[in-house]
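# A closer look at the structure
One letter stands for each residue in the lines below.
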Amino acid sequence: MNGHNTPIGIPAEIRRRFAENYRLATQDKDRLFLMAGDQKVEHLNDDFVGGRVATDDADPEHLFHIASEAPVGCFATQLGLISRYGMDYKDIPYLIKLNSKTHLVRSEQRDPLSLQWQTMEQVADFVRYSGLRVVGVGYTIYPGSEYEAAMLTEASQMIFAAHQLGLLAVIWAYPRGKAVGTREQDAHLIAGAAGLGACLGADFVKVNPPLNAQGEMEAKLLGEAVAAAGRTQVICAGGKETSAEDFLQRLHDQIHTGGTAGCATGRNVHQRSQQEAVRFCQAIHAIVVDNKGVDDAVKMLGSKT
Amino acid sequence: MNGHNTPIGIPAEIRRRFAENYRLATQDKDRLFLMAGDQKVEHLNDDFVGGRVATDDADPEHLFHIASEAPVGCFATQLGLISRYGMDYKDIPYLIKLNSKTHLVRSEQRDPLSLQWQTMEQVADFVRYSGLRVVGVGYTIYPGSEYEAAMLTEASQMIFAAHQLGLLAVIWAYPRGKAVGTREQDAHLIAGAAGLGACLGADFVKVNPPLNAQGEMEAKLLGEAVAAAGRTQVICAGGKETSAEDFLQRLHDQIHTGGTAGCATGRNVHQRSQQEAVRFCQAIHAIVVDNKGVDDAVKMLGSKT
Amino acid sequence: MNGHNTPIGIPAEIRRRFAENYRLATQDKDRLFLMAGDQKVEHLNDDFVGGRVATDDADPEHLFHIASEAPVGCFATQLGLISRYGMDYKDIPYLIKLNSKTHLVRSEQRDPLSLQWQTMEQVADFVRYSGLRVVGVGYTIYPGSEYEAAMLTEASQMIFAAHQLGLLAVIWAYPRGKAVGTREQDAHLIAGAAGLGACLGADFVKVNPPLNAQGEMEAKLLGEAVAAAGRTQVICAGGKETSAEDFLQRLHDQIHTGGTAGCATGRNVHQRSQQEAVRFCQAIHAIVVDNKGVDDAVKMLGSKT
Amino acid sequence: MNGHNTPIGIPAEIRRRFAENYRLATQDKDRLFLMAGDQKVEHLNDDFVGGRVATDDADPEHLFHIASEAPVGCFATQLGLISRYGMDYKDIPYLIKLNSKTHLVRSEQRDPLSLQWQTMEQVADFVRYSGLRVVGVGYTIYPGSEYEAAMLTEASQMIFAAHQLGLLAVIWAYPRGKAVGTREQDAHLIAGAAGLGACLGADFVKVNPPLNAQGEMEAKLLGEAVAAAGRTQVICAGGKETSAEDFLQRLHDQIHTGGTAGCATGRNVHQRSQQEAVRFCQAIHAIVVDNKGVDDAVKMLGSKT
Amino acid sequence: MNGHNTPIGIPAEIRRRFAENYRLATQDKDRLFLMAGDQKVEHLNDDFVGGRVATDDADPEHLFHIASEAPVGCFATQLGLISRYGMDYKDIPYLIKLNSKTHLVRSEQRDPLSLQWQTMEQVADFVRYSGLRVVGVGYTIYPGSEYEAAMLTEASQMIFAAHQLGLLAVIWAYPRGKAVGTREQDAHLIAGAAGLGACLGADFVKVNPPLNAQGEMEAKLLGEAVAAAGRTQVICAGGKETSAEDFLQRLHDQIHTGGTAGCATGRNVHQRSQQEAVRFCQAIHAIVVDNKGVDDAVKMLGSKT
């Protein structure tokens, strides 16, 4: 923690609370391993059953099982879900994902709009009455949507209010909509989205991995985004899985070639069985937080991955 | 009641009130028999006159007659209607249905939008001044509607506020709209809707019975939804009536094969005469709350059903 | 007054004020003769000049002249108009019509939307500072409009707030919009609208007279609406005038055959000269409030009608 | 002042302030000469440069020069402009025009929508802190616009709040939009708009001069509007200028034939040089306030008009 | 400072704070050199990488480096970005740009809408808790957009609230939208936008440089805008760069021929390396604030420009 991570404009006593939440989320290493668990809304049940998805994943408690045993920096999901499991998983550092939408209406039909679910007063009440370790809040913006303005306003007000409560603010920034079309993973546009996250005042901005002209992920393309985000730290999704080893290699590249400050991983974690998921998280943690190499991380996966 | 039914994030003194309301609504058996009576808005007068509908049903007081004599866990209807009959039916456990729309505008014309009718401050005032046994509130969401965002925000804020008042929150979750088309009763989509209810923090989520490829109800298809909802309990509508016996068999299957925690029944109850409706409710109660078999339940119907 | 007319959920001291307003508006007979005077917005100047319209009607004060001399239960018009004449007509029981729209935009162009003009805080201030006998508030809903949701929310919040102030709430319920088309005066749809008024918690719901298959008014068709509305009392417009005698006969039929609890009359009253209008109101009052027959009422019209 | 000019529903101490503002604006003669200066938004710079427009008019201070030297009842313009010149023109009676829109988007593209710029709390603060003689507020409504509902709600709330602050409320009522088409200056429609202003509770309603079947202004056509507005007083624009003499004759006709209570004049005043504009205002004042004849007024114009 | 720069309608103690902020921003010379740094949202990363853009510009801190070393009157950017760098750049006079949108959705697809990001209460908290020298706030309006009304309301409320906090208000006024089409840089339309800024009560209005019939910038065309804005001072962008010398010549012309009160410069500054950017700002400062000639200013650029 270098003192640049706490935004300015917060009362002194709240700054201490913010710093504590920051240390907790980044595990004292200035790196964020965010376990993303908002897909039960974003993708409804598509990510949780079928194909190679572990049967454990059908039950939402699977997410809490993993988050409580694995060394994640924070587990991001909706407040409602936390309100139903938090009493049994008090040690998880939570990040409340404040807006979510389903994927039913496609951009071809109507540009995406995702609005805030709880007010910040409700968030504050929840933190107070639950006694949980809530380290922050999250919000998805869709730059390029015709409804962009509504989301930018909600996001900026939410970030400011979160900081006043001592909470971190993480922005999921996904260019999308008819104006964006197929450029959703264009490196330059993603850099723009990352810079936008910085202008909103986010602590972390989550972006999708940019693709090169061949449609392949290329870690060095993240450099533009990391630069554009400045002191707002960039975290990146891992992309579609090929194998655990490939995933970890890509993650290592994103951090060491791309310059990202961590990762946000969802399906790649929770679609595994409890045991495998925890091991996979340990491997991710090794790379992200402990700065280990890919080989060391792979060893943590155990025999079957 | 297993301690998992009270959400976290509520002041201690309110938790007791919530637990009391939960026990009342679930009749100390962790099962919910919700009598749905919001159709006077949702379907205007279509459900209340004509065909085989008992003439009793033409008068809204019929709903209160039934609810006061039958062993329902709660009777769900609009606050306005309760405000006109509650003084004479003080022992009914009420669930205030907070949003409703008519069925006049079809999805082909415009995607569904149903907004909250009373503020939570008004609900709190109503509970205080009426002295009625209001156990909870209800809200319908339409995942897949172009207006989904407005309803998800209202629903999530309402659920949080309800819990802060010690009230249960029940979500009616119906995928609908041009993006959903004919998939309204697709099992996977319904599971998604049930999981969405969990993420909103609902205590119960009411879904329509899923249909198999042949367009027939199949109780085991509910399993995905029940799993996806986790600690949020799933209740299911009975579908169109064929006979009382068939209805009860289906209900039994939904609970014992599908794993649901109760039912929400409306037309199947109130379209009968007062006497028949009460007997029918007793039969439903036998299955849902007393965990009886279908035969035992059928016996309670008396000679004519 | 039978005790069913005061809704539940109101503080005790306010209940007394409500009961007093109810008695005043229903003239101690549980029947409502509402003089409707909101047409200067709803129809602009169309109803007030030309053809057989008395020249008196060109001046809005004509409405106050009539309402102050005729035995109406309440005179419904916009707050703004009351604010300019009320000081000279302090004995009229007023009902503030809280929303209004012009008829310029037809449903073919855009579905109807009519929004609340004053907040309930402003209504409360107006009642307090004016010292007028304001007995209630009114609001028009258009079930079937694409903007139905906005109006149902405003109406339900307004009704609750009105009751908390001890004021009656009257709903004008007119199915309208592209989804309704030519069915605006369909008896079944009107019954649906009346039941919707009950679910909103209205004290009275004003509907248009239903037409039979031949497009003619038929009083017995009102029966479905009266039943559907339950304890919310139905009042009906008189329809287009043929002669005063016909009007009174129809009104008598609506009450004694249709079961309505009064009438809402506008143009049929104010398009007459002051003297004729007052006599006509006396005849209406005879039927509605004093439960007289048509012959007795006709006698009150004097020689020229 | 006849006691009918102060609306009912205002606390006693505020009534005195209102009466004082009324006397100031109507110059103790119950007639209003409103100098309209909101065109810098409504018409952007079109009215202020080019053609026969005096070069003085390029500078907004020209409006204040005129208003401070000419015998106007009030000068209506946006709060922002007053905030920049008011310190040097403390004796002008101001009327704050609270909504304005540009003319860039035509009705053919989209129906007009003009929303309130400052809250009434901001208006109250401005009055208190500026120490200026603010006599009232103004608002434009467009009956017939698809966005009519938003403007009627804002206007009615604004009028009520203005009266609670002791301020006059003037409504600019212009039928407009696709539903109105070419009927903008139809006498019957303008009468409807005037009556609508009365229902909103306005003190004055400004209408455009109605045209006869030949498309010419005809003062007697105003009679319907003046009658329809009742105690809300009608003021009228002068229409396009032909010559100063013609303008004054028309104004005299509007008052003495049409029955209006004053005028709202903008371009006809400020497009002249400072000296001419002041003289022209003196001539208008002679007719409107001093009830002089046209000949007397024309003499005040001096040699060159 | 001539006393005309502080708007009326502000409490006395706040007027002192406003005057101090005005002196700071205008460097005691009544001229404003505003360094515009809101492009990371408005143009995403397009302005910050590629082509002749200095590599320094990839990092948002570059903006703060320049603003802290160069003699700018204020540095305008989003609150979020200030919150992350302000602790290290405490001496910069900041202007918080309160609304921003991306350029992804083009006017051909949908007219522009840019909404306020933080509430004025949040701005006040930020100023208090950050201890930074925040001199004002900024907001972009798009006259001619179909969403103009929303932005004019936000802008006017923001300006009033800013003045109540002692902050300057700068309006970026860009005619845009389908109704404007290719006339975005029409001199007469820009003059209209400048006058609109005055009616909103802005202290400064930033406009684009008008083009003549040949599509070329011509400083004297600014005269209409400067006149129309009255006491609201006009600042102008420099347009596309050809060379630093040309830029400075144009700026000099804008001030001395066009009559503007300063400039708003963004890309022309920050696309240079740190050293060049600071020198370029010194040259701008020489012309804008110190009223030097172009030759003197050019000398400050050093050898390579």
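Residues numbered from 1 in each chain as written. Chains lettered and ligands numbered in written order. Predicted model: local features only at pLDDT ≥ 70, side-chain atom pairs only at ≥ 80, totals over all residues. Heavy atoms only, no water.

## Focus on the interface of chain C and chain B
This is how the line gets drawn: It only takes one pair of heavy atoms within 4.5 Å for two residues to be counted as in contact. A simple way to read buried area is as the amount of 1.4 Å-probe accessible surface that goes missing from two parts once joined, with both sides added. In what follows, salt bridge is the name for a side-chain nitrogen of Lys or Arg lying within 4 Å of a carboxyl oxygen of Asp or Glu. Polar contacts, as used here, are pairs of N or O atoms within 3.5 Å; protein pairs need one atom able to donate a hydrogen and one able to accept it. Residues neighboring in sequence count only if both atoms are side-chain atoms. Strands here mean DSSP runs of E at least two residues long; helices mean DSSP runs of H or I at least four residues long; both are numbered from the N terminus.
If you look at the interface, chain C gives 48 residues, while chain B gives 41 residues. Sorting the residues of chain C by area buried against chain B places I8(C), C199(C) and R231(C) first, and these three jointly supply 23% of that buried surface. Remark: the boundary between chain C and chain B carries four salt bridges. We note a salt bridge from E61(B) to R231(C), for which the minimum N-O separation is 3.2 Å. Linking chain C with chain B are 18 residue pairs in polar contact (both at pLDDT 80 or more). Elements with a contribution of two residues or more to the side of chain C that touches chain B: α6 (148-164), α7 (187-200) and α8 (222-229) of chain C.

## Considerations on the pattern of salt bridges
Rules: Burial classes follow relative accessibility: with a 1.4 Å probe on protein chains only, a residue under 20% of its type's maximum area counts as buried, one over 50% as exposed, and anything between as partly exposed.
Using the criterion set out here, one finds 65 salt bridges over all chains in the structure. As a salt-bridge pair, K29(B) and D290(B) come within 3.4 Å of each other at their nearest N and O atoms. Of this pair, K29(B) sits in the loop between α1 (12-25) and β1 (32-36) while D290(B) sits in the loop between α11 (274-288) and α12 (294-299); the two residues are 261 residues apart in sequence, bridging distant segments of the chain. Residue classification places K29(B) among the partly exposed positions, given a relative accessible area of 44%. Accessibility expressed as a relative area gives 33% for D290(B), which makes it partly exposed. Each of D38(A), E42(A) and K97(A) takes part in one network of salt bridges that share partners.

## Section: the pairing of strand β3 (residues 93-97) of chain C
Residues and elements named next belong to chain C. Under the convention used in this document: In short, DSSP must find at least two bridges between two strands for them to pair. With the strands aimed away from the viewer, a crossover counts as right-handed if its path from the first strand over the helix to the second runs clockwise.
Burial analysis of β3 places five of its five residues in the buried class, the great majority of the element. Alternating positions in β3 separate into two faces, P93, L95 and K97 on one and Y94 and I96 on the other, with burial throughout. Relative to β3, strand β2 (residues 74-77) runs parallel, the two being bridged by three bridges. Bridge pairing in β3 links A76 to L95. Taken together, β2, helix α4 (residues 79-85) and β3 constitute a β-α-β crossover, and its handedness is right-handed. Relative to strand β4 (residues 133-141), β3 runs parallel, the two being bridged by five bridges. In the sheet register, I96 faces β4, and the bridge partner there is V137.

## Here's the deal with helix α6 (residues 148-164) of chain B
Residues and elements named next belong to chain B. Applied cut-off: A helix is expected to span 1.5 Å for every residue after the first.
Taking 1.5 Å per residue, 17 residues should reach 24 Å; α6 reaches 24 Å between its end C-alpha atoms and fits that length. With 14 of 17 residues buried, α6 lies mostly within the body of the structure. Downstream of α6 by one or two residues, G166 has phi in the positive range, about 80°.

## Re the environment of F18(B)
All names here are of chain B. Locating F18 in the fold gives a position in helix α1. Here the alpha-carbon distance between F18 and P7, two residues 11 residues apart in the chain, equals 9.2 Å. Residues in contact with F18, not counting those within four places in the same chain, are N5, T6, P7, H163, G166, L167, L168 and D203.

## Description of the relation of the copies chain C and chain B
Definition in use: To line up the copies, we fit them by least squares on C-alpha atoms, keeping just the residues with pLDDT of at least 70 in both.
Expressed as a screw transformation, the operator carrying chain C onto chain B has a rotation angle of 72° and an axial translation of 0.0 Å, and the superposed copies differ by an RMSD of 0.0 Å. Classification of the inter-copy transformation places it as that of a five-fold axis. Proximity to the rotation axis, assessed at the C-alpha, singles out A150(C) in chain C; its C-alpha lies 10 Å from the axis.

## Quick notes on the packing of aromatic side chains
Definition in use: A pair of aromatic rings is counted whenever rings of Phe, Tyr or Trp (Trp by its six-membered ring) have centres within 6.5 Å, and the orientation is called stacked for planes under 30 degrees apart, edge-to-face for over 60 and tilted otherwise. We count a charge as sitting over a ring when the NZ of a lysine or the CZ of an arginine lies within 6 Å of the ring centre and within 35 degrees of the ring normal.
All told, the structure shown has 45 aromatic pairs over all chains when counted by the stated rule. Ring geometry for F75(E) against Y94(E): centres 6.3 Å apart, planes inclined by 50°, an arrangement best described as tilted. Of this pair, F75(E) sits in strand β2 (residues 74-77) while Y94(E) sits in strand β3 (residues 93-97), and the two are 19 residues apart along the sequence. Each member of the pair, F75(E) as well as Y94(E), is classed as buried. Here a set of aromatic residues connected by ring pairs shows up, and it is made of F64(A), F75(A), Y85(A), Y89(A) and Y94(A). The ring of Y129(C) has R128(C) sitting right over it, with the charged end atom 5.1 Å from the ring centre. Sitting above the plane of the F48(D) ring, K40(D) keeps its charged end 4.7 Å from the centroid.

## Considering helix α11 (residues 274-288) of chain A
Residues and elements named next belong to chain A. The terminal C-alpha atoms of α11 lie 21 Å apart, and with 15 residues this matches the ideal 21 Å at 1.5 Å per residue to within 8%. In terms of burial, α11 is largely enclosed, as 12 of its 15 residues are buried. When we look at burial in α11, the residues that qualify are Q274, E276, A277, V278, F280, C281, A283, I284, H285, A286, I287 and V288. In this structure, the buried side of α11 is in contact with β1 (32-36), α3 (61-69), α9 (244-256), β8 (262-265), α10 (267-270) and α12 (294-299).

## Some words on the environment of G215(C)
In this fold, G215(C) is placed in the loop between β6 (204-207) and α8. Taking the C-alpha atoms as reference points, G215(C) and H103(C), separated by 112 residues in sequence, lie 23 Å from one another.

## Focus on the arrangement of the chains
At the C-alpha level, the nearest point of chain B lies 18 Å from chain E, with no contact between them. With no contact formed, the shortest span from any C-alpha in chain C to any C-alpha in chain E equals 18 Å.

## Quick look at the side chain of Q116(B)
Topologically, Q116(B) is positioned in the loop between β3 (93-97) and α5 (120-130). By relative accessible area, which is 12% here, Q116(B) ends up buried. If near-sequence neighbours (up to four positions away) are discounted, Q116(B) is found in contact with L98(B), N99(B), Y139(B), E154(B), M158(B) and T153(C).

## Examining unusual backbone geometry
Residues and elements named next belong to chain E. Its identity is not glycine, yet D28 carries a phi of approximately 60°, on the positive side. Inspection of the secondary structure puts D28 in the loop between α1 (12-25) and β1 (32-36). Judged by relative accessible area, D28 falls into the exposed class, the value being 57%. At L44, a residue that is not glycine, the phi angle is positive and equals roughly 50°. Examined against the element boundaries, L44 turns out to sit in the loop between α2 (39-42) and α3 (61-69).

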